[in-house]
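# Structure assessment
Now for the letters of each chain:
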Amino acid sequence: MAILQTKNLSKVYNPDTVPVHALRDVSITIDKGEFTSIVGPSGSGKTTLLNMLGGLDKPTSGSVWVNGEEITMMKESKLIDFRLHNIGFVFQHYNLIPVFTAHENVSFIMLLQNRSKKEINDRANKLLDEVGLGDRKDARPVQMSGGQQQRVAVARALASEPKFILADEPTANLDTTSAMNLLDIMYKMNQEQNVTFVFSTHDQRVIDRARRVITMVDGAIYKDEYRDVEEKAAS
Amino acid sequence: MYLKLAWRNLWRNKRRTLITLSSILFAVVFALFVESLERGAHNQMIDNMAKFHTGYLQIQDYRYENEHSLDNSFYFDEEFESAIISDNRVSYIVPRIETFMLAAGEEITRGAMVFGVDVSAEQKLNDLKGRLSEGRFFEPGDGSVVIGEGLAGRLNLAVGDSLVLLGQGRFGMTAAGLFEIRGLIKHPMREFNNQVVYMSIPDAQWLLSAENHITNLLITPTNLRYTDELARKFSSELEENEIIALTWQNMMPDLIEALDFDRAGTRVFMGILYMVIGFGIFGTILMMTLERLREFGLLLSVGMSRFKLAVVVFIETFAMSILGILSGFGVGSLVLLYFYYNPIELKNDMEELMLEFGFEPVFPMAFEVDIYLWQGMVLFLITMMISLYPTFKIFTLNILDAAKS
């Protein structure tokens with residue numbers, strides 16, 4: 001079942017001066033439960049595509065569909081609410097709220113969704129336990145390592161129970177141990193809870209875990225391949 | 001949690017927040033001080049003029065305002081007094097008969113302001129007896145006077161000496177009399193101190209051939225807010241007797257104008273202060289906003305509405321402004337209370353200068369609620385206006401640009 005779809009997606013920056021074709025006629029379909037990497041060299045359009053998928057940027061032409069609903073034509077206020085309930089984000093630079101503890105960072109998204117206090121508290125505790133930070137709930141971002149912050153970011157992304165999670169270079173700033181640890185967590189959630197992940201990355205460690213790898217070059221899809229990674233994941 | 005977020009954001013850079021709070025605090029304290037000092041000085045001027053000169057509300061012949069002549073005095077008896085005092089908004093009345101005469105000692109003659117007064121009534125209004133520096137007060141009809149220290153000095157007279165008063169009585173009658181100086185008074189206003197002669201009303205009426213007549217009846221309302229309505233009432237009721245009631249504002253337009261002019265100068269000064277403080281606060285808010293654009297972008301991208309984000313940032317500015325203003329009120333109150341009970345007294349040359357201009361060389365503080373409200377409101381409005389900047393920034397923020405910042 002297609003959870004995410006783009007149709008002839010194009011993005012041109014500076015169309016009136018020096019046009020830069022960031023995306024060229026990109027059409028992809030991502031099904032529920034996929035663990036997909038979008039890879040390619042710098043400037044290939046990975047992040048632009050991810051921004052389009054997350055409704056953070058508008059395409060010059062084409063459309064983005066999430067769970068059968070077109071988001072490219074949505075008004076901003078509706079799109080913000082749509083993101084809140086359907087899309088989880090994990091950013092390269094962790095991007096946690098610095099004045100909140102790990103627990104509060106995870107809770108905040110659910111608060112925006114107007115969930116009950118008890119549900120917020122229980123789910124935040126559960127998610128932090130799942131990412132292995134049950135004992136760091138009261139730590140603020142500045143008191144945590146990069147890997148721990150990124151795990152909180154994953155827990156936060158999962159907190160809103162989104163249809164899928166977009167992760168932009170999630171391991172770029174992490175050492176190998178932290179990166180592998182994070183990937184294990186995301187892989188486990190994908191396997192056990194059928195959470196859909198879409199990464200933009202050029203980190204080989206992430207690529208090795210992805211069951212689908214979409215390679216982009218100059219804003220267009222160069223290669224779209226499905227792989228069997230069970231063995232690698234297990235190893 | 002929004003409040004928690006705003007509160008913690010406020011303190012994420014403690015030093016900067018404390019500096020901003022201090023600037024608001026300083027502005028509030030300074031503004032309170034300047035405003036209270038000015039209000040206190042103005043109140044004192046008005047009070048002195050009202051208590052010793054015009055009263056807060058005064059009844060007089062309608063011609064008297066333009067022509068201060070004994071010919072324009074009015075008949076005053078117990079019946080008249082009862083009619084006035086029967087209004088329960090009237091606290092007490094102070095009858096006076098006043099005129100200008102020549103006052104002479106053994107060798108020197110000077111112009112004098114002669115007041116026929118009821119000492120017990122004056123005592124209620126202006127603590128006249130408390131101003132006595134030497135001797136004692138007269139009894140009604142005992143042919144003695146109390147004069148200002150300044151006048152005594154000018155005429156080279158002392159308690160026990162005789163004072164000659166010469167002038168014109170009612171309807172052109174010659175007014176001349178010899179009075180014993182029973183006491184000296186130290187008047188806070190130099191102009192009065194150098195000219196004033198007090199005597200009892202019966203003596204004044206005899207001297208001026210104005211039996212049963214007075215020139216002014218001062219009325220003190222139970223509350224000053226009744227002044228205008230009492231003025232309207234008495235003017236209307238006594239119109240057929242050709243008598244009008246005037247408020248102190250009616251009687252001292254020049255003073256009102258001078259005080260307004262003084263206030264305008266202070267407003268300009270305060271305006272400059274507010275601008276300086278305003279730019280200081282704006283600098284902080286600008287920094288707080290710009291360094292958090294990335295965070296704003298994050299919050300918008302994960303689904304926080306621009307409105308909610310703007311509310312959080314508004315709460316931060318609001319909390320900072322309220323904290324600064326309230327702490328300013330706290331510190332300001334201590335300063336004001338100190339100077340309220342220990343007013344600034346000018347000495348030496350400055351004292352002389354103030355007396356020269358007819359002012360008391362003392363700066364009392366006014367301790368009034370509306371000063372707090374006004375100053376607090378102005379600073380609050382300034383900070384609220386400043387908070388429009390981050391609000392505008394949030395509503396026009398491009399999420400991707402913010403994420404790259």
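For clarity, every value in this text was computed on a predicted model and none was experimentally measured. (Residues numbered from 1 in each chain as written. Chains lettered and ligands numbered in written order. Predicted model: local features only at pLDDT ≥ 70, side-chain atom pairs only at ≥ 80, totals over all residues.)

### Some points on the overall build of chain B
Note the threshold: Here a strand is any run of E in DSSP of at least two residues, a helix any run of H or I of at least four, and the numbering for each starts at the N terminus. Whether a residue is buried, exposed or partly exposed follows from its count of other C-beta atoms within 10 Å of its own C-beta, namely 20 or more, 12 or fewer, or something in between, respectively; the C-beta atoms are built from the backbone. The contact rule is simple: place each C-beta atom from the backbone, and if two of them lie within 7 Å, those residues are in contact.
Counting its regular elements, chain B contains 16 helices and 14 strands. Across the 405 residues that make up chain B, the buried fraction comes to 39%. Contacts spanning at least 24 positions in sequence make up 80% of the contacts within chain B whose residues lie at least 6 apart.

### Thoughts on the overall build of chain A
Within chain A one finds 8 helices and 10 strands. Per-residue burial over chain A gives 46% buried out of 235 residues. Residue pairs in contact within chain A that sit at least 24 positions apart in sequence constitute 70% of those at least 6 positions apart.

### Some thoughts on the confidence of the model for chain B
Quick note on the threshold: By definition, pLDDT measures how confident the predictor is in each residue, and it falls between 0 and 100.
Confidence in the prediction of chain B, expressed as mean pLDDT, is 87, and 98% of residues score 70 or more. Across the interface, the model reports ipTM at 0.82; the global pTM reads 0.70.

### A word on the pairing of strand E1 (residues 2-13) of chain A
All names here are of chain A. What counts, and what does not: When DSSP locates at least two bridges between a pair of strands, those strands are taken to pair.
Judged from the 8 bridges that link them, E1 and strand E2 (residues 20-31) form a sheet pairing that is antiparallel. Residue Gln5 lies in a different strand from E2, and its bridge partner there is Thr29. Hairpin connection of E1 to E2: 6 residues between the antiparallel strands, including Asn14 at a positive phi of 50°. Of the pairings in the sheet, the one linking E1 to strand E4 (residues 61-66) comprises 5 bridges and is antiparallel in character. Considered in E4, the bridge of Lys7 is made with Ser63.

### Concerning helix H1 (residues 2-10) of chain B
Residue and element names in this part refer to chain B. Definition in use: To obtain the arc, one takes the directions from the helix axis to the C-beta atoms.
Of the residues making up H1, those classed as buried are Leu5, Ala6, Asn9 and Leu10. The buried residues of H1 all sit within an arc of 135° when viewed along its axis, so they share a single face. Each element contacted by the buried residues of H1 is listed here: helix H2 (14-54) and helix H12 (306-341).

### Here we look at the packing of H12 of chain B against helix H15 (residues 388-396) of chain B
Residue and element names in this part refer to chain B. Applicable threshold: Axis definition: a line fitted to C-alpha atoms, limited for helices to the stretch in contact. Angles are taken between N-to-C directions and run from 0 to 180 degrees. Here the word oblique covers every angle except those under 35 degrees (roughly parallel), over 145 (roughly antiparallel) and from 65 to 115 (roughly perpendicular). Helix crossings fall into two classes, left-handed where the near helix is turned counterclockwise from the far one by less than a right angle and right-handed where it is turned clockwise. Any residue that is not Ala, Val, Leu, Ile, Met, Phe, Trp, Tyr, Cys, Pro, Asp, Glu, Lys or Arg is counted as polar, Gly included; the first ten are nonpolar and the last four charged.
The contact between H12 and H15 brings their axes to 9 Å, and the two run at 160°. The pairing of H12 with H15 is recorded here as roughly antiparallel in orientation. Considering the relative orientation of H12 and H15, their crossing is right-handed. In this structure, H12 uses Arg306, Leu309, Ala310, Val313 and Phe314 to contact H15, whose residues at the interface are Pro390, Thr391, Ile394 and Phe395. Along the lines of polarity and charge, the residues of the contact of H12 with H15 split into 7 nonpolar, 1 polar and 1 charged.

### Quick notes on the packing of helix H3 (residues 102-112) of chain A against helix H5 (residues 146-159) of chain A
Residues and elements named next belong to chain A. Contact pair H3 / H5: the axes reach a minimum separation of 8 Å and the direction vectors enclose 20°. Between H3 and H5, the crossing angle belongs to the class labelled roughly parallel. Considering how the two elements wind past one another, H3 and H5 form a crossing that is right-handed. Each of Ala102, Asn105, Val106, Ile109 and Met110 in H3 lies in contact with H5, whose residues at this interface are Val152, Ala155, Arg156 and Ala159. The residue makeup of the contact of H3 with H5, split by class, is 7 nonpolar, 1 polar and 1 charged.

### Some thoughts on the pairing of strand E9 (residues 196-200) of chain B
For a regular strand, the rule is simple: side chains alternate between the two faces of the sheet. All names here are of chain B. Across the 5 residues of E9, 5 count as buried, placing the element largely inside the fold. Bridge count between strand E4 (residues 109-117) and E9: 5 bridges; the pairing is parallel. Along E9, the bridge assignment pairs Phe115 with Tyr198. Pairing between strand E6 (residues 144-148) and E9: 3 bridges, direction antiparallel. For Val145, the partnering residue across the bridge sits in E9 and is Met199.

### Structural notes on the sheet that holds strand E10 (residues 220-226) of chain A
Residue and element names in this part refer to chain A. The 6 strands lie next to each other as E6-E7-E8-E3-E9-E10, forming an open sheet whose pairing is mixed. Every interior strand has two partners, whereas the edge strands, strand E6 (87-90) and E10, have only one. Sheet twist, expressed as the average angle between the axes of neighbouring strands with direction ignored, equals 20°. Bridging between strand E3 (residues 35-39) and strand E9 (residues 212-217) involves 4 bridges; their strand directions are parallel. Looking at the pairing, Ile38 lines up with Ile214 of E9. Packing of H5 onto the sheet brings it into contact with E6 and strand E7 (164-168), and relative to E6 it is tilted by some 170°.

### A word on the sheet that holds E2 of chain A
Pairing between the strands of a sheet comes from backbone hydrogen bonds, and it takes one of two forms, parallel or antiparallel. Overall, antiparallel pairing links the 4 strands, which are arranged E2-E1-E4-E5 (chain A) in an open sheet. Each edge of the open sheet carries a strand with a single partner, namely E2 and strand E5 (69-70) of chain A.

### Focus: the interface of chain A and chain B
At the junction of the two partners, chain A supplies 17 residues and chain B supplies 15 residues. For the side of chain A that touches chain B, the secondary structure elements donating two or more residues are helix H2 (76-86) and H3 of chain A. Looking at the side of chain A that touches chain B element by element, the count peaks at 5 residues for H2 of chain A. For the side of chain A that touches chain B, the class distribution of residues is 11 nonpolar, 3 polar and 3 charged.

### Comments concerning the nonpolar core
The following threshold applies: Nonpolar cores are built from buried Ala, Val, Leu, Ile, Met, Phe, Trp, Tyr and Cys residues. These are joined into a set through C-beta atoms within 7 Å.
Counting residues in hydrophobic clusters, the biggest one holds 102 residues, and the most contacted among them are Val154, Ala155 and Leu166 of chain A together with Ile24 and Val28 of chain B. Per-element accounting of this core gives the leading share, 8 residues, to H2 of chain B. Setting aside anything within four residues of it in sequence, one finds Val28 of chain B in contact with Gly324, Ile325, Gly328, Phe329, Gly332, Gln375 and Leu379 of chain B. Ile97, Val117, Ile147 and Ile214 of chain B belong to the second-largest nonpolar core, a separate cluster that totals 56 residues.

### Details of the environment of Ile59 of chain B
All names here are of chain B. Examined against the element boundaries, Ile59 turns out to sit in strand E1 (residues 57-61). By the C-beta count within 10 Å, which is 27 here, Ile59 ends up buried. Distance in space between the C-alpha atoms of Ile59 and Leu217 is 5.0 Å, their sequence separation being 158 residues.

### Observations regarding unusual backbone geometry
In this model, Glu161 of chain A sits at a positive phi of 55°, which is unusual for a non-glycine residue. Position of Glu161 of chain A relative to the elements: it lies in the loop between H5 and E7. We classify Glu161 of chain A as partly exposed; it has 15 C-beta atoms within 10 Å. With phi around 55°, Phe171 of chain B is a residue other than glycine that occupies positive phi space. Accessibility expressed as a C-beta count within 10 Å gives 10 for Phe171 of chain B, which makes it exposed.

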